[in-house]
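# A closer look at the structure
Listed below, chain by chain, are the residues.
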Amino acid sequence: MEKKESRRRRFLKVSTFVAGVALVGILASSFGHPLIEAATKDRISPSKHNKKPELVFPVISDVHIKESGTSDLKKFETALDQLNRLAPKQDALVTVGDLTDHGRVEEYDRFMSVYNAKKQPQAVSMLAIGNHDYGNGLSAADAQKRFLDQTGMKSTQYHKVIKGYHFIVMGTEDGRIEGTFSKKQIAWLSERLKQAKKRDPQKPIFVFHHQPIKDTLYGSEWGIDINRDLLYDTLKDYPQVITFSGHTHYPLEDPRIIHQKDFTSIGTSTLSYLWLDAGRIQGEVPQDYADTLSQGLIVKVYKNKVKIERRNFHSNGWSGKPFEIQYPVKKSHFKYTETRDRIKPRFKYKSAISVVKEKTTATDLEIKFDQAVDNTLVHDYKIEAKNMKTGKVEKEFLAFSEFYKDPVPNPLTLAISGLTPDTQYQIEVRAIDSFGNASDRTLKVIGKTKRS
């Protein structure tokens, strides 16, 4: 994991990793789950016709303010400006960790200068510490003290009641990429959950922590592992809980960003840079788009439901339809479960595929094809390159549908690399959605590499 963290810290300086992983391993890492057609983006405010909510608060994370430069501050300012316009009367403003890139004083100063200038004065300030806020050469205790001194928070873990609703913020206790939550802090959480339930068992309880709980939402392979089961089991008796976590930098478009089993978990994406699943042609950090992405959430609480709106700050638009959780909540009524979708993606009848001949080399074929559609999200394409002479599949790849781009490219162009010179191939493409459902129909095209 030390190597992975090192790669994440160097994310924009490292060349994109090109996947050549065995397909079985790749598919095993793509756990199945549902929600939206590949090219669909909702441009209309998702709450236009709703009654006034009782409580409104944005949730953002992974701001990663650096010591110098302007792009990080501009993204932060843009996000807060949009949130202020869309939610002009916020009750709280929550930032779920990684305020800074390395936990340095200069980075905190730059973060707080924007934060204090843009935050609405009546909104309760709620900041959580993340693993990057420890990355300053200090001991964990000194890094925590710096966080508190710089942000004005009274503790790295705290409990607030706002308009009768309970907000519980947990603080990762060191700079480990997966995070550490001690038994002591989890016991503290347990007591706060009991208090909240006793006051009103019908209301949602909001819990915030930087890293997600492993094996829950999309991207949680990067999540909490130490005392993971203890933390999960502490929360599982409270189906009214909604946990918010950052850390992964995984995009909000994927429906697995929300997860329900015993309680609700949701990821907040990032204001800074995109990260994705391993093993795809485009790499975990797609160099043509990684620095563009900037996303966050607006949470609106009504008497009988919680609505969570997904915002694309980078395009000044919405990402899909809002998630809605009805209250009082029952586990049997959870709709954002791992098994929520069994519908296969499909290529439309007239979908086309072709080889881009001018891009053909001795080892590469570039293909272009019409994207498939799905009731949730086309996440991947499985691509096979079959040697027409031997009849054997020489190469297998996974490629993102590039669902994370706004707009989603259609047709999609992909370079198939590592082929044999002067060889004719059949390229076959199959669509796979976020929940592992694969299309029955495939697209096929013949192409020949050049002589070396």
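Residues numbered from 1 in each chain as written. Predicted model: local features only at pLDDT ≥ 70, side-chain atom pairs only at ≥ 80, totals over all residues. Heavy atoms only, no water.

An unreviewed UniProt entry lists the protein under the name Metallophosphoesterase, with Kroppenstedtia sanguinis given as the organism.

### Some remarks on the overall build of the protein
Within the protein, the regular secondary structure consists of seven helices and 20 strands. A burial count over the protein gives 57% of its 452 residues as buried. For the protein, the exposed area adds up to about 18700 Å²; of that, 50% sits on carbon and sulfur atoms. (Helix = DSSP H or I, 4+ residues; strand = E, 2+ residues; numbered from the N terminus. Buried < 20%, exposed > 50% of the residue type's maximum accessible area, 1.4 Å probe, protein only. Areas by Shrake-Rupley, 256 points an atom, 1.4 Å probe, with all protein chains shown as cover.)

### Things to note about the environment of Asp62
Tracing the chain through its elements places Asp62 in the loop between strand E1 (55-60) and helix H3 (71-86). What makes Asp62 buried here is its relative accessible area of 0%. In sequence terms Asp62 and Gly246 are 184 residues apart; their C-alpha atoms lie 6.6 Å from each other. Once residues lying within four places of it in the same chain are set aside, the contact partners of Asp62 are Gly97, Asp98, His210, Gly246, His247, His249, Ser269, Thr270, Leu271 and Ser272. Within the structure, Asp62 has its side chain in polar contact with the side chain of Ser61 (distance 2.8 Å). (Contact = heavy atoms within 4.5 Å. Polar contact = N/O pair within 3.5 Å; in protein donor to acceptor, adjacent residues only side chain to side chain.)

### Some points on the packing of helix H6 (residues 183-199) against helix H7 (residues 228-235)
Closest axis-to-axis distance for the H6/H7 pair is 10 Å, and the angle between their directions is 5°. In terms of axis orientation, H6 runs roughly parallel to H7. Judged by residue contacts, Lys183, Ile186, Leu189, Ser190 and Leu193 of H6 engage Leu230, Leu231, Thr234 and Leu235 from H7. Residues that form the contact of H6 with H7 fall into these classes: six nonpolar, two polar and one charged. (Axes fitted to C-alpha atoms, helices over the stretch in contact; angles between N-to-C directions. Parallel < 35°, antiparallel > 145°, perpendicular 65-115°, else oblique. Nonpolar A, V, L, I, M, F, W, Y, C, P; charged D, E, K, R; others polar.)

### Here we look at the sheet that holds strand E14 (residues 353-355)
Pairing is antiparallel across the open sheet formed by three strands, whose spatial order is E14-E15-E18. Taken across any chain shown, the strands that pair with only one partner, and hence form the sheet edges, are E14 and strand E18 (412-416). Across this sheet, the average inter-strand angle for adjacent strands is 20°, counted without regard to direction. Sheet topology places strand E15 (residues 365-369) next to E18; five bridges connect them, and they run antiparallel. Counted as the bridge partner of Glu366 is Ala415 from E18. (Pairing = 2+ DSSP bridges.)

### Considering the nonpolar core
Generally speaking, nonpolar side chains in soluble globular proteins are found buried as a group. Counting residues in each nonpolar core, the largest one holds 75 residues, and the members touching the most others are Phe57, Phe76, Phe206, Phe208 and Phe244. Discounting residues that sit within four places of it in the chain, Phe206 has contacts with Leu55, Phe57, Tyr165, His166, Phe167, Ile168, Ile242, Phe244, Val301 and Val306. (Core = buried A, V, L, I, M, F, W, Y, C linked by side-chain atoms within 4.5 Å.)

### Quick word on the packing of helix H4 (residues 105-118) against helix H5 (residues 140-151)
The angle between the axes and the distance between the axes are what describe a pair of packed helices. Two numbers describe how H4 lies on H5: the axes approach to 10 Å, and their chain directions differ by 30°. What the angle tells us is that H4 and H5 run roughly parallel. Remark: the crossing between H4 and H5 carries right-handed chirality. Judged by residue contacts, Val105, Tyr108, Asp109 and Met112 of H4 engage Arg146, Phe147, Gln150 and Thr151 from H5. (Left-handed = near helix turned anticlockwise from the far one by under 90°.)

### Considering the environment of Thr292
The residue Thr292 is located in the loop between strand E9 (264-267) and strand E10 (295-301) in this model. Its relative accessible area of 36% is what places Thr292 among the partly exposed residues. Sequence-wise, Thr292 and Ser315 are 23 residues apart; in three dimensions their C-alpha atoms are separated by 9.3 Å. If near-sequence neighbours (up to four positions away) are discounted, Thr292 is found in contact with Lys75 and His314.

### A look at H6
Here H6 is 17 residues long and its end C-alpha atoms lie 25 Å apart, about the 24 Å a rise of 1.5 Å per residue gives. For H6, every residue scored as buried is listed here: Gln185, Ile186, Trp188, Leu189, Ser190, Leu193 and Ala196. On its buried side, H6 packs onto strand E4 (158-162), strand E5 (165-169), strand E6 (205-208), H7 and strand E7 (241-245). (Expected span 1.5 Å × (residues − 1).)

### Concerning the side chain of Thr243
Assignment of secondary structure puts Thr243 in strand E7. For Thr243, a relative accessible area of 1% translates into the label buried. Setting aside residues no more than four positions away along its own chain, Thr243 makes contact with Val207, His209, Leu235, Phe263, Thr264, Ser265 and Ile266.

### Here's the deal with the packing of aromatic side chains
Across all of its chains, the model carries 21 aromatic pairs by this definition. Measuring from centroid to centroid gives 5.2 Å for Phe208 and Phe244, while their planes differ by 15°, and the two rings are stacked. Pair noted here: Phe208 is in strand E6 and Phe244 is in strand E7, with a separation of 36 residues, a long-range link. For Phe244, a relative accessible area of 0% corresponds to the buried category. Put simply, the rings of Phe57, Phe167, Phe206, Phe208 and Phe244 pair up and form one aromatic cluster. Over the aromatic face of Tyr302 sits the side chain of Lys305, whose NZ or CZ is 5.6 Å from the ring centroid. (Phe/Tyr/Trp six-rings, centres within 6.5 Å; stacked < 30°, edge-to-face > 60°. Lys NZ or Arg CZ within 6 Å of the ring centre and 35° of its normal.)

### Let's talk about the sheet that holds strand E17 (residues 393-400)
Pairing between sheet strands relies on hydrogen bonds along the backbone, with the strands arranged either parallel or antiparallel. The sheet built from four strands is open, its strands ordered E17-E16-E19-E20 with antiparallel pairing. Of all strands in the sheet, those bounded by a partner on one side alone are E17 and strand E20 (443-448). Each strand of the sheet is rotated relative to its neighbour by a mean of 20°, with strand direction disregarded. Relative to E20, strand E19 (residues 424-433) runs antiparallel, the two sharing six bridges. When the bridges of E20 are listed, Tyr425 appears paired with Gly447.

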